[in-house]
Every structure is written in structure tokens, then in C-alpha cells.
Amino acid sequence: MTAVTGCPVSHNDYRIERPIFEHFELLNAEREQGAFWWNDGADHPFWMITRYDEVLEALQMPEVFSNDISNALSPKRPVKFQPNNLNAPEHTRLRKVLNRWFSPAAVRHIEPLVVSRCIELIEQFASAGRCDLISDFALRYPTDMFLATLGLPVSDGERFVRWVDTVFANLYMGPQAAAAMESIKGYFDDAISDRIAHPGDSESDFLSRMLRPDIAGDSLTREDLITVCLSLMIAGLDTTRSALGYAFQHLATHPADRARLTADPDFIPKVVEELVRLYSLILQDGRLVTQDVDFHGVPMKAGDIVWLGVASANRDPRKFDHPDEFDPDRGELSHHLGFGAGPHRCLGMHLARHELLIALREWHARIPDYQLAPGTKLMERGAQLSLHTLPLQWPVPSVTPTEPPNAVKETS
């Protein structure tokens, strides 16, 4: 079936749960059939851009493709995220304030605490010989790291895990997701009140810094700051949880890749980049068309919704050789769009890279040999890809009782 524009029509609903990797298979098939599609599989239709060059070009055209909508699958979200849904000049101003907090230097500053917490979580189940990677590690680790980054109590992590899981399970919509987001906003509202009454060091405490007009500007209201905190949490926690799931699924099923990583920890940064490319968790960046435009022959109208196919572009054979293969040595490794591109490129990309690097390094230093539990059938959530569960198992060395070092041996 073909639309009046000549574009093929996709009826695929990318919001639904499917067997692992089926979303990538659908995206690959559509990309190779056409660079542009009209999708009517959701509650609302939208344009799809599927190939690397065109996706990159559109990401760099904010004057035409506006961030008033940032998710083509859920364009009517109840919260206008900041800075995600802002456009210049408001977006530029807020990013300038936030960039310092998520710079490589800032990420390195909290590394000792992050490494310590990562090791603590791993050691809770290492001797058991099994775990569910998602619930036992991937949910808690990025949550604790996020709280540490903002200078908030890591002990509050369990509450955040429940809230974020509820939000993403309901695609930002529905009463459960709305209630969870209200709980998150209430938490940050209380934290802001505490910082107003008891200011912290603006160099090490995020909220104290953001409350200073000379740093954040006087246009950032209390409600804006709450939304910024909510946005940072929503954007960062679920994506890192998802990335850990796909990373460990790959390494559990590819022992040669795992062995190379374990033998050479300096290789891990390349592994992280290739995992982000190959298993793009963000299927798409949504945009709102601001003006009538002919984009490579496709007549888009002001008010149309556009899907910029990040996951599809990252497996485009026109850009990446053998794109469905894991190859951390590929020459074009840094060209992936896993963190987006253009002015709205992921604010937390340095933090995300570091989270993944630390997790892979510390895990494989303690549990180098593991596999999927037998009989495992994995399903992935739609919209923003994530595994619900990832049961792993590994051999646990048997401990042979030994005599205390000062024991007196019997003689005959």
C-alpha cells in the first residue's frame, strides 16, 4: 500500500512488546525498502525517516524539525520536559547551565562513589552464582549513580526504581504513570525546599547550584527546576538500565567478545561505543514540523509529526560495514547516532558512557564467565527498548576448608 506522496505505508506499532531483536528486524526491513515511510500503526500517523544521512540531516535542522515534540510514539505526554522539549534560545540557555554538571570532569569527580556502589551491588549476588541482571543490578546501579550525580541520598534509590519503572511501563500516559510522575515531582519539591532552607556547596550540590540566580539565571522558576530534575531522571535512568540489559545479553551469548573484554579492560570504551550503536535503545527521536517543507521529495506540512529513526540509522549499511555485526574495531565507530546529534544531542552522554564502562569493568573483574540461564526466552518492551528480565548464571568456585594459619598440627 502506498500513500498519495508515493511513500510506502507502515502499519507497524512500535509501542508493543515483541521477542528480543524483532524491533530491529522490522526497522531493517523498512529501511531497505524505503528512506521514508508514513506510519499509521499508532494512535496518530507520522512520517518515518529511516536512513543515516537523512536522519542526521534532520537532527541538525531544529528550525524545521522542532523539539516541541520529542517522541513520535507519545506526542501528548503530560509533562513538557526540560531541556528536551525546549527550542533555542531557551534550550541553549539551559543547556549552557547544565553542561557543566554532566561534563567529563564532573563525571570523574563522582567516580569513587560510583565504583564503590557498583562493587557493592555486584558482591551482593556474586557468590550465589546467579542473578536477574535487570532487577538485581541494572535497575539499581544507574539510579544510585543519578542520585550521586545530583548530590541526593543514594538510599532513596529504591523509591526511584519503582517510580521510573511505572512511568515507562505506561508510555508516560495513564493514571499510574501520572501518579508516579507526581511522586517524583513531590520528591524534588521537598528536596528544593530543604536546599532553600539549608543551602549546600554549589560546586558539589546540584540543587544548590541551580537555585543560584547568578548561575542558573532568574528565569528558572521552582516549577521549571522540578521539571528539569524530572526530565534528567526520566531521560537517564531507563536508558542506562536498558543499555545494561542488551550489553550483558550480548556478552552472555558471545563468549569470545566477553573473553577479549575481560582480558583487556582498556578495550572497554570501544565496546561501549559499539554496544550503543548496535543496540540503540532510542528507536527514534520525535519532532514537530514547524513549516511546510519538501524534505528529499517528501511534502511535510506544518504540524506533522516526524520519527527520526536513530536505531534504523545506526544499522544502515550505507554508513556502517556489516552493520548487524558487533565490531568494536570498526573505523566509523564514533559516527553512531546512539546519543543523537545536533543541538539536542544527549546531555548525559558522558555520564552514560562512564556508567557502562564502570559496570562492565567491575563486573568482569569479579564474574568473568557467565551465561543465560537455560530455557530463557527474552521479550523486549516497545517504544524505548528494554528487557524485562535477564537471568544469568555462572560457576561459583567451591571453597575448601583450610586450617587456621596458627593451628597446631597433631603429631603421631
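Treat the numbers as computed from the prediction; the structure is a model and nothing was measured.

> I'm lost on the overall build of the chain in this one. Help?
If you tally the helices and strands in the chain, you get 16 helices and 14 strands. For a compact globule of 412 residues, the expected C-alpha radius of gyration is about 22 Å, and the chain comes in at 23 Å, within 12% of that figure. Summarising its shape, the C-alpha atoms of the chain cover approximately 100 × 55 × 40 Å along the three principal directions. Of the roughly 18,200 Å² that the chain leaves accessible, carbon and sulfur atoms contribute 53%.

> Help me out: how do you make sense of the sheet that holds strand 11 (residues 371-372) in this one?
Strand pairs in the sheet, formed through backbone hydrogen bonds, run parallel or antiparallel to each other. The strand order across the open sheet built from three strands is 6-14-11, with neighbouring strands paired in antiparallel fashion. Unpaired on one side and paired on the other, strand 6 (130-132) and strand 11 mark the two borders of the sheet. Pairing geometry for strand 6 and strand 14 (residues 391-393), over three bridges, is antiparallel. Counterpart to arginine 130 in the pairing with strand 14 is glutamine 393.

> Before we go on, may I ask you to explain the packing of helix 9 (residues 174-197) against helix 12 (residues 222-253) in this structure?
Think of two packed helices as two axes; the pair is described by the angle between the axes and how far apart they sit. Contact geometry for helix 9 and helix 12: axes closest at 9 Å, N-to-C directions at 125 degrees. Of the possible angle classes, the one that applies to helix 9 and helix 12 is oblique. Both helix 9 and helix 12 take part in a crossing whose hand is right-handed. Of the residues in helix 12, those touching helix 9 at Met181, Ile184, Lys185, Phe188, Asp189, Ile192, Ser193 and Ile196 are Arg222, Glu223, Leu225, Ile226, Cys229, Leu230, Met233 and Ile234. Of the residues in the contact of helix 9 with helix 12, the class split is 11 nonpolar, one polar and four charged.

> What is the right way to read the side chain of asparagine 71 from this model?
The residue asparagine 71 is located in the loop between strand 5 (65-66) and helix 3 (90-99) in this model. A polar atom in the side chain of asparagine 71 sits 2.8 Å from the backbone nitrogen of leucine 73. Of note is the side chain of asparagine 71, whose polar atom sits 3.0 Å from the side chain of glutamine 284.

> Honestly, the pattern of salt bridges in this entry has me stumped. Any pointers?
Oppositely charged side chains are able to pair whenever their charged atoms sit close together. Taken as a whole and judged by the stated rule, the model has 32 salt bridges. Linking arginine 212 and aspartate 214 is a salt bridge whose minimum nitrogen-to-oxygen distance equals 2.5 Å. The partner of glutamate 273 in a salt bridge is arginine 353, with the nearest N and O atoms 2.4 Å apart. Residue glutamate 273 is located in helix 14 (residues 268-278), and its partner arginine 353 is located in helix 16 (residues 349-366); the two are separated by 80 residues in the primary sequence. For glutamate 273, a relative accessible area of 13% puts it in the buried group.

About the cut-offs
- Residues numbered from 1 in each chain as written.
- Predicted model: local features only at pLDDT ≥ 70, side-chain atom pairs only at ≥ 80, totals over all residues.
- Heavy atoms only, no water.
- Helix = DSSP H or I, 4+ residues; strand = E, 2+ residues; numbered from the N terminus.
- Rg over C-alpha atoms; globule rule 2.2 N^0.38 Å.
- Areas by Shrake-Rupley, 256 points an atom, 1.4 Å probe, with all protein chains shown as cover.
- Pairing = 2+ DSSP bridges.
- Axes fitted to C-alpha atoms, helices over the stretch in contact; angles between N-to-C directions.
- Parallel < 35°, antiparallel > 145°, perpendicular 65-115°, else oblique.
- Left-handed = near helix turned anticlockwise from the far one by under 90°.
- Contact = heavy atoms within 4.5 Å.
- Nonpolar A, V, L, I, M, F, W, Y, C, P; charged D, E, K, R; others polar.
- Polar contact = N/O pair within 3.5 Å; in protein donor to acceptor, adjacent residues only side chain to side chain.
- Salt bridge = Lys/Arg side-chain N within 4 Å of Asp/Glu carboxyl O.
- Buried < 20%, exposed > 50% of the residue type's maximum accessible area, 1.4 Å probe, protein only.

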